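Residue-level structural notes
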Amino acid sequence: MVSTHPDEAAGMSPAAAKELRKAVLSAFFGTIIEWYDFFLYGIAAVLIIPDMFFPGSNGYTQTMKSFATYAVGFFARPVGSVIFGHLGDRLGRKTTLVWTLTLMGGATFLIGCLPSYKSAGMLAPILLVVLRIGQGLAIGGEWGGAALMAVEHGHKNRRGFHGSWAQIGVPAGLLLANIVWWLARLPGDDFLKQWGWRICFWFGLVLTVSGLIIRKRVTESPLFEKATRMGAVARNPLGEVLRHHWRKVLLIIGVRFAENAGFYILTVYILTYAKNQLDGLEKVVQGAILLAAAVEVVTVPIWAGWSDRWGRRGICMLGSVLFAVGVFPVFAAIDSHNAVWIWVAMVLIMGVAHAAMYAPQAALFAELFPTRLRYSGASLGYGLTAPLAGGMAPFIAAFLVKSNDGLPWLMCTYLAATGLLSLFSVYIAKETHRKNIAEEEMT
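In this text the structure is predicted, and so the values were computed from the model without any measurement.

What counts and how
Residues numbered from 1 in each chain as written. Predicted model: local features only at pLDDT ≥ 70, side-chain atom pairs only at ≥ 80, totals over all residues. Heavy atoms only, no water. Helix = DSSP H or I, 4+ residues; strand = E, 2+ residues; numbered from the N terminus. Buried < 20%, exposed > 50% of the residue type's maximum accessible area, 1.4 Å probe, protein only. Contact = heavy atoms within 4.5 Å. Expected span 1.5 Å × (residues − 1). Bend = angle between axes of the 7 residues up to and from the residue. Core = buried A, V, L, I, M, F, W, Y, C linked by side-chain atoms within 4.5 Å. Axes fitted to C-alpha atoms, helices over the stretch in contact; angles between N-to-C directions. Parallel < 35°, antiparallel > 145°, perpendicular 65-115°, else oblique. Left-handed = near helix turned anticlockwise from the far one by under 90°. Nonpolar A, V, L, I, M, F, W, Y, C, P; charged D, E, K, R; others polar.

Another aspect to go through is the environment of Trp 165. By the secondary structure assignment, Trp 165 is in helix H8 (residues 159-185). Overall, the relative accessible area of 25% leaves Trp 165 in the partly exposed class. Trp 165 has contacts with Val 24, Ala 27, Phe 28 and Thr 31, leaving out every residue within four places of it along the chain.

Our next topic: helix H4 (residues 59-90). Every α-helix winds through 3.6 residues per turn, so residues three or four apart in the chain are directed the same way. For H4, with 32 residues, the first-to-last C-alpha span of 47 Å sits near the 46 Å given by 1.5 Å per residue. Of all the bends in H4, the largest measures some 30° and sits at Arg 77, one to four residues before the proline Pro 78. Downstream of H4 by one or two residues, Gly 92 has phi in the positive range, about 125°.

To continue, consider the nonpolar core. Membership of the largest hydrophobic core comes to 125 residues, with the highest contact counts inside it found for Trp 181, Tyr 264, Phe 331 and Met 346. The element that contributes the greatest number of residues to this core is helix H12 (residues 246-277), accounting for 18 residues. Counting 11 residues, the second largest nonpolar core, distinct from the first, contains Phe 28, Ile 168, Val 300 and Trp 303.

On to the packing of helix H2 (residues 14-47) against H4. In contact at an axis separation of 8 Å, H2 and H4 are set at 155° when each is read in the N-to-C sense. Between H2 and H4, the crossing angle belongs to the class labelled roughly antiparallel. Of the two possible hands of crossing, H2 and H4 adopt the one that is left-handed. Along the contact surface, H2 presents Trp 35, Phe 38, Tyr 41, Gly 42, Ala 45 and Val 46, while H4 presents Ser 66, Phe 67, Thr 69, Tyr 70, Gly 73, Phe 74 and Arg 77. Of the residues contributing to the contact of H2 with H4, the split by class is 8 nonpolar, 4 polar and 1 charged.

Dropping the structure here:
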């Protein structure tokens, strides 16, 4: 009987194709859980944390303090990338991914248990920052391992598509976080502020246990096992990356800058902007974010599949151009207070432009490094972008809007400039989609 499964038809054995499906499923569900936890905090940072942990300040000060705790997670991500990247290159991808998921689930559950400032004083925000650091460490190590498990198990001609299932975890996690938050809000805002927000964080523990069960069943990356058999595991992978591949790390930062800054402005700060524009408008925008995230879950694997056929660079460059042009209509739509235009604009900027920039990255970044350094190299570049682009994005956006008398155009210009930076970075990169990473030099 001839197999009709695309990976078996492309030359993979049934056993290898089965392990690939398990690795892809693990990457998909694992990253959804990690990003659910991370994005849930982003929603809370706008709607709950300012009043609960920073009372007594004016609205702007409360917002900036809340965004500061949000940014802490981003600054912890490079540290997590270094720690878990080293472990992933030394001990294996699978073991490391179990640790990252456990850390994220534990930190998220404990955030839901925290006392408020009213009952615990300064201890409350201090504990909040500590747990936020735990979340940042976990997410810093998560993406690299999840992406590599999917890419290194995958067929050489479909690495973009397989790796994109780790990418789908971002919009899917965002979608899940917003849905759970919406469900907790149904009984009313009083319930949400008292217990509902805590239930959202406690639910993360249920997801974590489910994710750990899935990850325990996945086999180790065949390329890492090959490197182990050959005695090619690096003793100091981070040191080798910094000595011999630092240009590639900088390249990853440039490629990621626009999609990372844009994503957190368009999913976190935009709620604050909408709330300040008109009371109740943030609910319309939150609905638009949900719709855009749902669309991006579909478009990410489509763009990634096209990158397998036509190359990573062209897809990323197209997304960068569309993003640089598209940010202006998004905020014009919000200023119009027209729900339909807001939904259309958000779907186009996230589901088309952002998806095109983001979809090929798992395969592209993995293909830049040899197996023995891949976890450290890809994770470091990915993690370093977080504080520089994503973590500072809400601060920069709030400052630019305030400096421009509440108008968004300086902020939009900043986002367009990040799009041009990413466009240039992708332009100078080498195309990698035909590279045979299974036969690369291991020593």
